[in-house]
Amino acid sequence: MTLGPGDEDLVRVAALARERAYAPYSRYRVGAAIRTKRNKIHTGANVENASYGLTVCAERCAAFAAVAAGETKDWDAIAIVIGGDALPSPCGACRQVLHEFSPALRVILATTGGARKATTLAELLPDAFGPERLAP
Ligand code: THU
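Computed from a predicted structure; not experimentally measured. (Residues numbered from 1 in each chain as written. Predicted model: local features only at pLDDT ≥ 70, side-chain atom pairs only at ≥ 80, totals over all residues. Heavy atoms only, no water.)

Draft legend 1. Broad picture of the packing of helix 2 (residues 58–68) against helix 3 (residues 92–101). Where helix 2 contacts helix 3, the two axes come as close as 9 Å, and the packing angle between them is 20°. The orientation of helix 2 with respect to helix 3, classified from their angle, is roughly parallel. Where helix 2 crosses over helix 3, the two elements pack in a sense that is left-handed. The segment helix 2 lies against helix 3, with Glu59, Arg60, Ala63, Phe64 and Val67 engaging Ala93, Cys94, Val97, Leu98 and Phe101. Of the residues that constitute the contact of helix 2 with helix 3, the class distribution is eight nonpolar, no polar and two charged. (Axes fitted to C-alpha atoms, helices over the stretch in contact; angles between N-to-C directions. Helix = DSSP H or I, 4+ residues; strand = E, 2+ residues; numbered from the N terminus. Parallel < 35°, antiparallel > 145°, perpendicular 65-115°, else oblique. Left-handed = near helix turned anticlockwise from the far one by under 90°. Contact = heavy atoms within 4.5 Å. Nonpolar A, V, L, I, M, F, W, Y, C, P; charged D, E, K, R; others polar.)

Right, dumping it as structure tokens:
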């Protein structure tokens, strides 16, 4: 899948967010940026903790920033950026959290070295469990 219009801009914003990653333990710095259909952008970076299990990934940080800003649906795309050349892959927990709010999300994987891949959340998390499966 090819990148859509504006995706490269979203990658740039995610790369800037990555500069604010707090990752002194893994040194694996991740930035994420979600653009909504209303054209708002919400960013996140991974935040680690001396109690390692409390770490929050960049993608969930961006998702929760969007929700905290009142945007709980209609997210168009998320860009996820790491350093180097090998593309990132969002963890299972983040895939599930993103699905809660926008199952049709496009996912742009990118590196600071210039690698790019466009995919979809539906592809990354097939047959997902979500709010639509709960009884009304
Ligand atoms: N991490 C993310 O922020 N996003 C991912 O897609 C994978 C993992 C973070 C969590 C932790 O701070 C570090 O990367 C190493 O797992």
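Draft legend 2. View of the site of the ligand. Close contacts around the ligand come from Ser26, Tyr28, Val30, Asn46, Glu48, Thr55, Cys57, Ala58, Glu59, Ser89, Pro90 and Cys91, and that covers them all. Contact between the ligand and Glu48: an oxygen atom at 2.5 Å from a side-chain N or O atom of the residue. Ala58 has a polar backbone atom sitting 2.9 Å from an oxygen atom of the ligand. Within the complex, the protein chains bury 77% of what would otherwise be the 370 Å² of accessible surface of the ligand. Here the ligand is seated within the largest pocket. Broken down by class, the residue content of the shell around the ligand amounts to six nonpolar, four polar and two charged. (Near = heavy atom within 4 Å. Polar contact = N/O pair within 3.5 Å; in protein donor to acceptor, adjacent residues only side chain to side chain. Areas by Shrake-Rupley, 256 points an atom, 1.4 Å probe, with all protein chains shown as cover. 1 Å grid on protein atoms, 1.4 Å probe; cavity = no way out; pocket = protein on both sides within 12 Å on 5 of 7 lines; lining within 4 Å. Sits in = over half its atoms within 2 Å of the grid points.)

Draft legend 3. Main features of the side chain of Thr119. Following the sequence through the fold, Thr119 ends up in strand 5 (residues 116–120). Polar side-chain contacts of Thr119 include one of 3.2 Å to the side chain of Glu123. Not counting chain neighbours up to four residues away, the residues in contact with Thr119 comprise Met1, Arg106, Val107, Leu109 and Leu124.

Draft legend 4. Highlighting unusual backbone geometry. A positive phi angle, close to 60°, is found at Arg27, a residue other than glycine. With respect to the secondary-structure elements, Arg27 resides in the loop between helix 1 (7–18) and strand 1 (30–36). In this structure Arg27 comes out as exposed when scored by relative accessible area, which is 66%. (Buried < 20%, exposed > 50% of the residue type's maximum accessible area, 1.4 Å probe, protein only.)

Draft legend 5. Focus on the nonpolar core. Ile34, Trp75, Ile78 and Leu98 are the most contacted members of the largest nonpolar core, which totals 17 residues. Among the secondary structure elements, those contributing two or more residues to this core are strand 1, helix 2, strand 3 (75–82), helix 3 and strand 4 (106–111). Ignoring sequence-local partners within four residues, the contact set of Ile78 consists of Leu10, Ala32, Ala33, Ile34, Glu59, Leu98, Leu105, Arg106, Val107 and Ile108. (Core = buried A, V, L, I, M, F, W, Y, C linked by side-chain atoms within 4.5 Å.)

Draft legend 6. Layout of a nonpolar patch on the surface. Together, Tyr22, Tyr25, Val47 and Tyr52 line one region of the surface with nonpolar side chains, adding up to about 440 Å² of accessible area. Tracing the chain through its elements places Tyr25 in the loop between helix 1 and strand 1. (Patch = residues over 30% accessible without salt bridge, like charges linked within 9 Å, V, L, I, M, F, W, Y side chains within 5 Å. Salt bridge = Lys/Arg side-chain N within 4 Å of Asp/Glu carboxyl O.)

Draft legend 7. Inspection of the side chain of Arg35 at higher detail. Inspection of the secondary structure puts Arg35 in strand 1. Only 3.2 Å separates the side chain of Arg35 from the backbone oxygen of Gly6, close enough to count as a polar contact. In contact with Arg35, other than residues within four places in its own chain, are Pro5, Gly6, Asp7, Leu10, Lys40, Ile41, Trp75, Asp76, Ala77 and Arg106.

Draft legend 8. Expanded view of the pairing of strand 5. Taken together, the five bridges between strand 4 and strand 5 define a ladder with antiparallel strand orientation. Of the residues in strand 5, the one forming a bridge with Arg106 is Thr120. The loop that links strand 4 with its antiparallel partner strand 5 comprises four residues; one of these, Gly114, has a positive phi angle of about 110°. (Pairing = 2+ DSSP bridges.)

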